[in-house]
Amino acid sequence: MKLSSSACSIARIPSLFASLCRPICSTSLSLSPSSLKPTTPLFLRPPTFSTSLSELNKWHHWAKNLASSVGSSFVHLDNGPDSTLLCRELRWLLEDSLEDHSLISQLGSQNYHMDVRLRASLDELYVLWRQRIEERRPFQYIVGCEHWRDLVLSVQEGVLIPRPETELIVDLVKDVVLDSRELKEGLWADLGTGSGAIAIGIGRILWSQGRVIATDLSPVAVAVATYNVLRYDLKDMIEVRKGSWFEPLKDVEGKLAGVVSNPPYIPSDDISRLQAEVGQHEPRLALDGGVSGMDDLLHLSNGAVSMLKPGGFFVFETNGEKQCQFLVDYMENNNPGKFCNVNIVSDFAGIQRFVTGFINDKCH
Amino acid sequence: MSMATQLAWKSNSLLRFASKSISRSTSNGCIVAHYSRSFFCNNTNMTTITSMRPEFQLCCFTHSAASNIIGSKYLELTDEELMKQCVMDTFKASGPGGQHRNKRESAVRLKHIPTGIISQAVEDRSQHKNRASALRRLRTLLAVRVRNTLDLDAYSPPPELLQILPPKSTFRGSDCGPQIGPNNPKFILGMQALLDLVFAVEGSISDAAKFLGLSTGALSRLILSDDSLRMAVNELRTSKGLKPLK
Ligand SMILES: C[S@@+](CC[C@H](N)C(=O)[O-])C[C@H]1O[C@@H](n2cnc3c(N)ncnc32)[C@H](O)[C@@H]1O
């Protein structure tokens, strides 16, 4: 994986403690402009802290017990994580905190006075793990990153953590660009880009002439997506623009080869019942799709007609079977003859998740 | 029904089933057919899948001339081609998923339809990486479990097998290039060919060594150099009442 070294220089001094003290905001828009400096993910911070193996061991023991005490209570409460998953997360936290990963297997060994280099102080690690368990702060916000496809993306409060389901959008795009030079070299748009996940995934499969414009209304998302684009050395290929859906794209109307989006699609009434990690910590702007959850999907499907060029391709992620079928019907009825090869694609759990298709012309 | 007939019947019906489902997915022209709904959403409990040690079944699938793909051919497929022969699912389909959930699982399970072999990976942090790990494991499992029948009278070691042999082998010409070790992805092809031979000689290392122009000791060392290979050979030897290699 090639990461730009200059990209790391835009990383600010770790402001972990600042972010800990800051109240967790439910909408990204309420963040003050000064917090728009993206936080450096834990694994990229310098290993400037040290402790002894025995102190680390103590922490690990404590953290494991805390995780075990959860049992399956979160599962029953709101379908949250069980202790098996929490213990796996604990190992990943260690991986991201330790300069030397091989120490993980030595935890509990005799070598007690050995010095251990850490990327966060032991006190921070206590605070962080307590937040994970007691406040249900998402693991990905704790370590400041999410592993998604073959990428490691920076994330923080105010930006949606990219989901495993969404990884498939990049594969769907890969499948269509494979047989079309026009799509491979074309201009793509990722609307509501969040961390920039889909845009970066696509940027890495297009040919060098290809371009992606990633848009988001949230200033935090724009800042984090920009940071991630720089880290993957794609700034010549991906442009991040701030604004609502197609608004920042007026200059490319009718010129897009592809439009992809994972817009907010959860019905407003369901938001209060989400698992705590999502409902209490992720931005509502990224989740709430209005009464039926379809406000943004309908807006996007209408816009796609004029924004895409003939033969252009689209993928939209939805809440499941009901929304997929509604969207397909809506497209056929509202813009008859405009789309073709409209398909519903299931995710890996077998849930109908995506609607894909082309703008008519190319498919005869 | 004898054991062998049962196995033949089982693999046959699996193959028929496979060809049906594959043709269904290609005939409707849908580019994403292989991502479609999986057949087994409800049965696996994550906690039972922590160890990824492959289990060995002996001679699960002996490919006869009647089947159109011979066993070693699976390993020659690209990742994408092999993936098309698989259905993939994640372990949990509880709830609506997507934006509703903080990632619970990025675990991946692949079922290779033509053989029924299942391979899985849970330990990576992204689904993409778990898929790659599962695919790598599938290749090992295919090498270990799919046997091609050999005609020992006309046997000469195929090039992919010569590549993994130590230079001392008298059959190894200078055109073979340097010896390929277990970390090279091509090792698996040679491993499958080697297992075909060891099975054909019913687990006798000294017999197999003769066919390869090696000393018994040199072949033992090669077999012991890779865990999957060693385990497969020892499983066979135990079943034949021979002592396992150490
Ligand atoms: C479900 S998140 C998806 C984020 C990212 N694409 C992903 O898959 O991880 C939806 C995104 O849409 C953005 N969004 C919400 N309303 C928007 C609007 N009117 N215009 C542009 N983006 C919007 C949110 O800020 C959020 O980043």
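- Per an unreviewed UniProt entry, chain B goes by Prokaryotic-type class I peptide chain release factors domain-containing protein and derives from Hevea brasiliensis.
- Chain B has a UniProt comment under Sequence similarities (unreviewed entry) that states "Belongs to the prokaryotic/mitochondrial release factor family."

- As recorded by an unreviewed UniProt entry, chain A carries the name Methyltransferase small domain-containing protein and is attributed to Hevea brasiliensis.

**A word on helix H8 (residues 216-224) of chain B**
Residues spaced three or four apart along an α-helix face the same direction, because each turn holds 3.6 residues.
No. 1: Turning to H8(B), its buried residues are B:Ala218, B:Leu219, B:Ser220, B:Leu222 and B:Ile223.
No. 2: Where H8(B) is buried, its residues meet helix H6 (187-200), helix H7 (205-212) and helix H9 (227-239) of chain B.

**Points about unusual backbone geometry**
No. 1: Residues other than glycine seldom take positive phi values, yet A:Asn79 does so here, at roughly 65°.
No. 2: For A:Asn79, the position within the fold is in the loop between helix H4 (73-78) and helix H5 (83-97).
No. 3: With phi around 55°, B:Glu202 is a residue other than glycine that occupies positive phi space.
No. 4: Counting through the fold element by element, B:Glu202 comes out in the loop between H6 and H7.
No. 5: For B:Glu202, a relative accessible area of 48% corresponds to the partly exposed category.

**Topic: the pattern of salt bridges**
Residues and elements named next belong to chain A.
No. 1: In total, this model carries 26 salt bridges over all chains according to the counting rule given.
No. 2: In this structure, Arg149 and Asp171 form a salt bridge, with 3.1 Å as the shortest nitrogen-oxygen distance. Here the residue Arg149 occupies a position in the loop between strand E3 (145-148) and strand E4 (151-154), and Asp171 occupies one in helix H8 (residues 167-178), the gap between them amounting to 22 residues.
No. 3: Residue Asp171 is classed as buried on the basis of its relative accessible area, which comes to 6%.
No. 4: Connected via shared salt-bridge partners are Asp78, Glu89, Arg132, Arg136 and Glu277.

**Structural notes on the environment of A:Gly203**
Residue and element names in this part refer to chain A.
No. 1: Structurally, Gly203 can be placed in helix H10 (residues 197-203).
No. 2: Gly203 gets classed as buried once you look at its relative accessible area, which sits at 4%.
No. 3: C-alpha of Gly203 to C-alpha of Leu234: the two residues are 31 residues apart in sequence and 7.3 Å apart in space.
No. 4: Once you skip the residues sitting within four places of it in the chain, Gly203 turns out to touch Val212, Leu234, Met237 and Ile238.

**Comments concerning the interface of chain A and chain B**
No. 1: The partner chain B presents 34 residues to the 54 residues of chain A that form the contact.
No. 2: For the pair chain A and chain B, the interface holds three salt bridges.
No. 3: In this structure, A:Glu95 and B:Arg125 form a salt bridge, with 3.7 Å as the shortest nitrogen-oxygen distance.
No. 4: Summed over the shared surface of chain A and chain B, the result is 19 residue pairs in polar contact (both at pLDDT 80 or more).
No. 5: Of all elements in the fold, only H5, helix H7 (139-143), E3, H8, helix H12 (276-279) and strand E10 (339-346) of chain A reach the threshold of two or more residues within the side of chain A that touches chain B.
No. 6: When residues of the side of chain A that touches chain B are assigned to their parent elements, the largest contribution, seven residues, is made by H5(A).
No. 7: Within the side of chain A that touches chain B, the residues separate by chemical class into 26 nonpolar, 11 polar and 17 charged.

**Looking at the pairing of strand E2 (residues 115-118) of chain A**
Residue and element names in this part refer to chain A.
No. 1: Across the two faces of E2 the burial differs, with Val116 and Leu118 buried and Asp115 and Arg117 not buried at all.
No. 2: Across four bridges, strand E1 (residues 49-52) lies against E2 in antiparallel orientation. Looking at E2, one finds that Thr51 is bridged to Val116.

**What to know about the sheet that holds strand E4 (residues 117-121) of chain B**
Residue and element names in this part refer to chain B.
No. 1: The strand order E2-E3-E4 describes an open sheet built from three strands, whose pairing is antiparallel. A strand with exactly one partner marks an edge of an open sheet, and here the two such strands are strand E2 (86-89) and E4. Each strand of the sheet is rotated relative to its neighbour by a mean of 20°, with strand direction disregarded.
No. 2: Here E2 pairs with strand E3 (residues 108-112) via four bridges, running antiparallel. Of the residues in E3, the one forming a bridge with Met88 is Leu110.
No. 3: Set on the sheet, helix H4 (residues 127-145) makes contact with E2, E3 and E4; between it and E4 the angle comes to about 145°.

How each quantity is defined
- Residues numbered from 1 in each chain as written.
- Chains lettered and ligands numbered in written order.
- Predicted model: local features only at pLDDT ≥ 70, side-chain atom pairs only at ≥ 80, totals over all residues.
- Heavy atoms only, no water.
- UniProt positions renumbered as here; feature names shortened; annotations may be inferred.
- Buried < 20%, exposed > 50% of the residue type's maximum accessible area, 1.4 Å probe, protein only.
- Helix = DSSP H or I, 4+ residues; strand = E, 2+ residues; numbered from the N terminus.
- Contact = heavy atoms within 4.5 Å.
- Salt bridge = Lys/Arg side-chain N within 4 Å of Asp/Glu carboxyl O.
- Polar contact = N/O pair within 3.5 Å; in protein donor to acceptor, adjacent residues only side chain to side chain.
- Nonpolar A, V, L, I, M, F, W, Y, C, P; charged D, E, K, R; others polar.
- Pairing = 2+ DSSP bridges.
- Axes fitted to C-alpha atoms, helices over the stretch in contact; angles between N-to-C directions.

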